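Structural overview
In case you want the letters, here they are:
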Amino acid sequence: MAATGKLRWGVLSTAGIARNHVIPAMKSGELTEVVAIASRDAARAAKAAMDLGIPRSYGSYEELLRDPEVDAVYNPLPNHLHAIWTIRALEAGKRVLVEKPAAMNAQETLDILAVQKRTGRIVLEGFMVRFHPQWEAVRTIVRSGRIGQVRAVQAIFTYFLTDPQNIRNRANLGGGGLYDIGCYAINTARYVFGAEPERVIGLFDMDPDLATDRLTSGLAEFPGHRQLAFTCATQLSPCQHVEILGTSGCISIALPFNPAADAETFICIDDGRDLSGGGRETIRFPAADQYKKQGDAFARAVFGNGPLVSDLSDSVKNMQVIDAFFRSQKSGQWEKPGGPDATNDRPLITATDEGKRSDNLAI
Ligand SMILES: NC(=O)c1ccc[n+]([C@@H]2O[C@H](COP(=O)([O-])OP(=O)(O)OC[C@H]3O[C@@H](n4cnc5c(N)ncnc54)[C@H](OP(=O)(O)O)[C@@H]3O)[C@@H](O)[C@H]2O)c1
């Protein structure tokens, strides 16, 4: 580790999420610093390094992985490259924070898990929301029984984006609403229920030109007669909201997924005594940077000073649910997550097939 006692991060690519949120958060982290950034283009890497105050830049991802002074790698590549570069980073001895979704399907995530077990390095999928105090509070309230038996979660996450060059609108890179934002609804419902869904069914509206899902609604049934209902969309006005419904109250999360790092956020708990809010309590949370908290928690785990809220087996389960929704898209039926066929057959890399994997490295 660095003489500073901080975890030294290297960043694979000049991704927007890295430049705008995660790198500034890691630079201001209590236990993290950013020492290197790589790009497919050396000049782009050098400019990003200069703009962001990062000491070293590289014109290829391989070079960054060879840097002995990089302890951990942040992987915000397009979704189809998550598995391969996470595996490569692990093989190079690095720890990895890989952006959500961890891979294109459960099988690829299992491939990462196998390499993680062999190398003994930490891998975390970047569901930063789990590090925001509002979600920690929600789970504590749910577990306290204050809103009774929690039977339903309803989630909305939408934005409007039609640029065909954006990775979200490129099917062969892992674009589409379910991968990009539907994954949050699944992840947070599993977090709140502390359980896995037994069956799911989805309704998909595909963009005829982009071949990505632009409007997807899903139902998931959890054990104990509990349900998730969500809608995600890439071509609807931006909106996000989560309701958690119990037998004696409900929790509304006003900005569940992207609360600003520098602004207060809040949740409302309503005991339902009247419909005009007579039983409503608002809980406010001071500004919190969930990316910074995620980085510091990761570093604490590397230093052996704290557990992470999630591990890669949890990511496998999340991907199994996503796979089941894609199977449901084809079958038009309820599908069970997991099972022998835990992969979907969208146009994607086959993580166990070195040849196909190399094809997808044509970056
Ligand atoms: N947790 C969150 O809050 C959050 C928010 C947004 C996005 N994300 C996730 O972060 C990842 C990146 O999203 P983003 O919006 O930041 O994407 P982006 O701006 O398009 O960045 C992706 C980067 O990947 C590199 N790249 C390598 N191969 C590529 C290819 N074939 N096509 C395009 N780019 C390629 C490029 O960097 P170089 O050219 O420099 O190599 C590019 O800048 C996605 O997995 C997304 O789901 C997470």
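Residues numbered from 1 in each chain as written. Predicted model: local features only at pLDDT ≥ 70, side-chain atom pairs only at ≥ 80, totals over all residues. Heavy atoms only, no water.

**Here we look at the overall build of the protein chain**
On a plain count of helices and strands, the protein chain comes out with 10 helices and 14 strands. Expected size for 363 residues packed as a compact globule is a radius of gyration near 21 Å; at 20 Å, the protein chain falls within 12% of this value. The C-alpha extent of the protein chain, read off along each of the three principal axes, is 60 × 45 × 40 Å. In the protein chain, once contacts between residues fewer than 6 apart in sequence are set aside, the share between residues at least 24 apart is 66%. Each charge class in the protein chain can be summarised by its mean position, and for the 40 positive and 42 negative side chains these summaries are 3 Å apart. (Helix = DSSP H or I, 4+ residues; strand = E, 2+ residues; numbered from the N terminus. Rg over C-alpha atoms; globule rule 2.2 N^0.38 Å. Contact = heavy atoms within 4.5 Å. Lys, Arg positive; Asp, Glu negative; His and termini not counted. Charge placed at Lys NZ, Arg CZ, Asp CG, Glu CD.)

**A word on the sheet that holds strand β6 (residues 123-125)**
In space, the six strands of this open sheet follow the order β3-β2-β1-β4-β5-β6, with parallel pairing throughout. Since the sheet does not close on itself, it has two edges, and those belong to β3 (56-58) and β6, each with one partner. Direction aside, neighbouring strands of the sheet carry axes that sit 25 degrees apart on average. The pairing of strand β1 (residues 7-12) with strand β2 (residues 32-38) spans six bridges and is classified as parallel. Paired with Trp-9 across the two strands is Val-34, which belongs to β2. (Pairing = 2+ DSSP bridges. Axes fitted to C-alpha atoms, helices over the stretch in contact; angles between N-to-C directions.)

**So, helix α5 (residues 106-119)**
Over its 14 residues, α5 runs 20 Å from end to end, which matches the ideal 20 Å to within 8%, given 1.5 Å per residue. Looking at α5, one finds that the buried residues are Ala-106, Glu-108, Thr-109, Asp-111, Ile-112, Leu-113, Val-115 and Gln-116. N-cap assignment for α5: the residue whose side-chain oxygen lies 3.1 Å from the backbone N of Gln-107 is Asn-105. Just beyond α5, the residue with positive phi is Gly-120, at close to 75 degrees. (Expected span 1.5 Å × (residues − 1). Buried < 20%, exposed > 50% of the residue type's maximum accessible area, 1.4 Å probe, protein only. Polar contact = N/O pair within 3.5 Å; in protein donor to acceptor, adjacent residues only side chain to side chain.)

**Examining the pairing of strand β5 (residues 95-98)**
Here β5 shows a buried face lined by Arg-95 and Leu-97 and a second buried face lined by Val-96 and Val-98. The parallel pair strand β4 (residues 72-75) and β5, bridged by helix α4 (residues 82-91), forms a crossover whose chirality is right-handed. After leaving β5, the chain enters α5 and then returns to the sheet as β6, a path that is right-handed. (Right-handed = clockwise from strand over helix to strand, strands pointing away.)

**A look at the pairing of strand β12 (residues 249-253)**
Among the five residues in β12, five count as buried, and that is most of the element. Burial along β12 is two-sided: Gly-249, Ile-251 and Ile-253 and Cys-250 and Ser-252, pointing in opposite directions, are all buried. As paired strands, strand β11 (residues 235-246) and β12 are joined by five bridges and run antiparallel to one another. If you follow Val-242 over to β12, its bridge partner there is Ile-253. In textbook terms, the turn of a hairpin is the stretch between consecutive antiparallel strands, and for β11 and β12 this stretch comprises two residues.

**Here's the deal with the pattern of salt bridges**
Summed over the entire model, instances satisfying the criterion amount to 17 salt bridges. Between Arg-168 and Asp-180 there is a salt bridge, with its nearest N and O atoms 3.1 Å apart. Separated by 12 residues along the polypeptide, Arg-168 in the loop between β7 (150-160) and α7 (177-193) and Asp-180 in helix α7 bring together distant segments of the chain. The exposure class of Arg-168 is partly exposed, given its relative accessible area of 29%. Classification of Asp-180 as buried rests on a relative accessible area of 9%. Residues participating in the shared-partner salt-bridge network are Arg-130, Arg-190, Glu-196 and Asp-314. (Salt bridge = Lys/Arg side-chain N within 4 Å of Asp/Glu carboxyl O.)

**A few points about the packing of α7 against helix α9 (residues 312-331)**
Pairs of packed helices are described in terms of their axes, by the angle between the two and the distance that separates them. Relative orientation of the contacting elements α7 and α9 amounts to 120 degrees, with a least axis distance of 10 Å. Compared by their axis directions, α7 and α9 come out oblique. Here α7 and α9 pass one another in a crossing that is right-handed. For the pair α7 and α9, the contacting residues are Leu-178, Tyr-179, Cys-183, Ile-186, Asn-187 and Arg-190 in the first and Asp-314, Lys-317, Asn-318, Met-319, Val-321, Ile-322, Phe-325 and Phe-326 in the second. (Parallel < 35°, antiparallel > 145°, perpendicular 65-115°, else oblique. Left-handed = near helix turned anticlockwise from the far one by under 90°.)

**Description of the domain arrangement of the protein chain**
By domain assignment, the protein chain separates into domain 1 (7-128 + 295-310) and domain 2 (133-287). Distance from the C-alpha centre of domain 1 to the C-alpha centre of domain 2: 26 Å. In this assembly, nine residues from domain 1 lie in contact with 11 residues from domain 2. Summed over both partners, the interface of domain 1 with domain 2 buries about 1000 Å², with 62% contributed by carbon and sulfur atoms. Broken down residue by residue, the surface that domain 1 buries against domain 2 is led by Lys-100, Met-104 and Phe-127, which jointly contribute 45%. (Domains from an automatic or database assignment. Buried area = accessible area lost by both parts, 1.4 Å probe.)

**Concerning the site of the ligand**
Not every one of the 27 residues close to the ligand is listed here, only the nearest: Thr-14, Arg-44, Tyr-61, Arg-168 and Tyr-291. One of the backbone nitrogen or oxygen atoms of Arg-40 is found 2.9 Å away from an oxygen atom of the ligand. In the environment of the ligand, an oxygen atom lies 3.3 Å from a nitrogen or oxygen atom belonging to the backbone of Leu-77. Protein burial of the ligand: of its 900 Å² of free accessible surface, 86% is covered by the chains. The set of elements that each furnish at least two residues to the shell around the ligand consists of α1 (16-27) and α7. Structurally, the shell around the ligand is a two-domain feature, drawing no fewer than three residues from each of domain 1 (7-128 + 295-310) and domain 2 (133-287). (Near = heavy atom within 4 Å. Areas by Shrake-Rupley, 256 points an atom, 1.4 Å probe, with all protein chains shown as cover.)

**Quick look at the packing of aromatic side chains**
Aromatic rings considered in pairs are described by the distance between their centres and by the relative angle of their planes. Under the definition given, this model contains 10 aromatic pairs. Here the aromatic rings of Tyr-184 and Phe-257 are separated by 5.5 Å at their centres, their planes lie at 40 degrees, and the arrangement is tilted. A residue pair is termed long-range when its members are at least 10 positions apart, and Tyr-184 in helix α7 and Phe-257 in the loop between β12 and β13 (265-270) qualify at 73 residues. Each of the two residues, Tyr-184 as well as Phe-257, counts as buried. Ring centres of Phe-230 and Phe-325 lie 5.4 Å apart, and the angle between their planes is 85 degrees; this geometry places the pair in the edge-to-face category. Pair noted here: Phe-230 is in strand β10 (residues 226-233) and Phe-325 is in helix α9, with a separation of 95 residues, a long-range link. With relative accessibility at 0%, the residue Phe-325 sits in the buried group. (Phe/Tyr/Trp six-rings, centres within 6.5 Å; stacked < 30°, edge-to-face > 60°.)

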